[in-house]
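Each chain, written out:
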Amino acid sequence: MNWLYGQRSRNQPSLIRTQNPDLGTLVRVIAHDTAREELIANRDLDAAAEILTPSHERFEIVLRQAARACEEALAASKDFDGSPTLLEIVNNMGKTLLALRQGMLSTQSDPLAAFADAPSKT
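For every chain, the first residue of the written sequence is number 1, and numbering continues from 1 onward in sequence order. For this predicted model, a pLDDT threshold of at least 70 governs which residues receive local features, and a threshold of 80 or more governs which side-chain atom pairs are given and counted, while totals over whole chains, interfaces and linings are taken from all residues. Excluded from the side-chain calculations are hydrogens and water; all other atoms, namely the structure's heavy atoms, are used.

**Quick notes on the overall build of the protein**
Working step 1: By the criteria applied, helices consist of DSSP H or I runs no shorter than four residues and strands consist of E runs no shorter than two, each listed in order from the N terminus. When its secondary structure is counted, the protein shows seven helices and zero strands.
Working step 2: Reading the helices (α) and strands (β) of the protein from amino to carboxyl end gives α-α-α-α-α-α-α.
Working step 3: Radius of gyration means the value over C-alpha atoms here, while the globule rule gives 2.2 Å times the residue count to the 0.38 power. Rg of the C-alpha trace for the protein: 23 Å, well past the compact-globule value of 14 Å for 122 residues, more than 25% over.
Working step 4: Counting only C-alpha atoms and orienting by the principal axes, one finds that the protein spans roughly 80 × 50 × 25 Å.

Here it is as structure tokens:
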């Protein structure tokens with residue numbers, strides 16, 4: 001019940017911030033063993049609900065969030081003051097982005113790979 005109403009004696013607020021969709025999320029989390037265990041262990045409804053989302057959907061969500069954040073950073077870049085720390089952050093983001101792209105490309109099949117093993121005709 002303290003997930004629904006909180007527990008003042010322990011200074012724990014309710015996990016339900018808004019009845020919809022939080023209450024529906026809590027119902028789905030309680031019905032799923034792993035998500036419920038996550039909720040019990042960490043008292044974090046968002047983290048428990050994340051378990052209910054298939055990993056490929058979570059990947060798409062975080063990728064779209066990252067793209068949006070990058071677009072926002074680009075729009076704000078007019079205020080860049082030359083900070084080497086910020087430039088290093090962007091350099092690291094670039095390296096991460098290249099590694100992400102390479103990892104994604106490595107999962108794609110090469111349509112010409114079948115021809116690489118074929119005997120050559122002379």
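That was the structure; now back to the text.
**Side note on the packing of helix α5 (residues 55-76) against helix α6 (residues 84-106)**
Angle between the axes and distance between the axes: these two values describe a pair of packed helices.
Working step 1: Axes, fitted as lines to C-alpha atoms, cover a helix only where it is in contact. Angles between the N-to-C directions of the axes lie from 0 to 180 degrees. One way to put it is that α5 packs onto α6 with a least axis distance of 14 Å and a crossing angle of 145°. In this structure, the crossing between α5 and α6 has a hand that is left-handed. Counted together, Phe-59, Leu-63 and Cys-70 of α5 and Met-93, Leu-100 and Met-104 of α6 form the full contact between these two elements.
Working step 2: Charged means Asp, Glu, Lys or Arg here, nonpolar means Ala, Val, Leu, Ile, Met, Phe, Trp, Tyr, Cys or Pro, and polar covers whatever is left, Gly included. Of the residues in the contact of α5 with α6, the class split is six nonpolar, no polar and no charged. Definitions for this section: a left-handed crossing has its near helix turned counterclockwise from the far helix by less than a right angle. A right-handed crossing has that turn clockwise. Contacts are residue-level and defined by heavy atoms, with any inter-residue pair within 4.5 Å sufficient.

**Quick word on the packing of helix α3 (residues 33-42) against helix α4 (residues 45-52)**
Working step 1: Remark: α3 packs on α4, axes separated minimally by 8 Å, with the N-to-C direction vectors making an angle of 165°. With respect to α4, the axis of α3 lies roughly antiparallel. Handedness of the α3/α4 crossing: right-handed. Facing α3, whose interface residues are Thr-34, Ala-35, Glu-38 and Leu-39, α4 presents Leu-45, Ala-47, Ala-48, Ile-51 and Leu-52.
Working step 2: For the contact of α3 with α4, the per-class residue count stands at seven nonpolar, one polar and one charged. An angle counts as roughly parallel when it lies under 35 degrees, as roughly antiparallel when it exceeds 145, as roughly perpendicular when it falls between 65 and 115, and as oblique in every other case.

**Some remarks on the domain arrangement of the protein**
Note on interface size: it is often stated as the accessible area lost on association of the parts.
Working step 1: By domain assignment, the protein separates into domain 1 (1-52) and domain 2 (55-106).
Working step 2: Domains are outlined according to an automatic or database domain assignment. Computed from C-alpha coordinates alone, the two centres of domain 1 and domain 2 are separated by 31 Å.

**Topic: the side chain of Arg-43**
Working step 1: With respect to the helices, strands and loops of the structure, Arg-43 is situated in the loop between α3 and α4.
Working step 2: There is a polar contact of 3.5 Å between the side chain of Arg-43 and the side chain of Gln-12.
Working step 3: Counted as a polar contact is a pair of N or O atoms within 3.5 Å, where, for protein atoms, one must be capable of donating a hydrogen and the other of accepting one, and residues adjacent in sequence contribute only when both atoms are in side chains. In this structure the side chain of Arg-43 is engaged in a polar contact, spanning 2.9 Å, whose partner is the backbone oxygen of Pro-13.
Working step 4: Leaving out residues up to four positions away in the same chain, Arg-43 has contacts with Asn-2, Trp-3, Gly-6, Gln-12, Pro-13, Leu-15 and Glu-38.

**Here we look at the pattern of salt bridges**
Working step 1: Salt bridges are identified by distance alone: a Lys or Arg side-chain nitrogen within 4 Å of an Asp or Glu carboxyl oxygen. In this structure the tally under the stated criterion is three salt bridges.
Working step 2: The partner of Asp-33 in a salt bridge is Arg-36, with the nearest N and O atoms 2.8 Å apart. With a gap of three residues between them, Asp-33 and Arg-36 both fall in helix α3, about one helical turn apart.
Working step 3: Only protein chains enter the accessibility calculation, which uses a 1.4 Å probe. A residue is then buried if its area is under 20% of the maximum for its type, exposed if over 50%, and partly exposed in between. Overall, the relative accessible area of 26% leaves Arg-36 in the partly exposed class.

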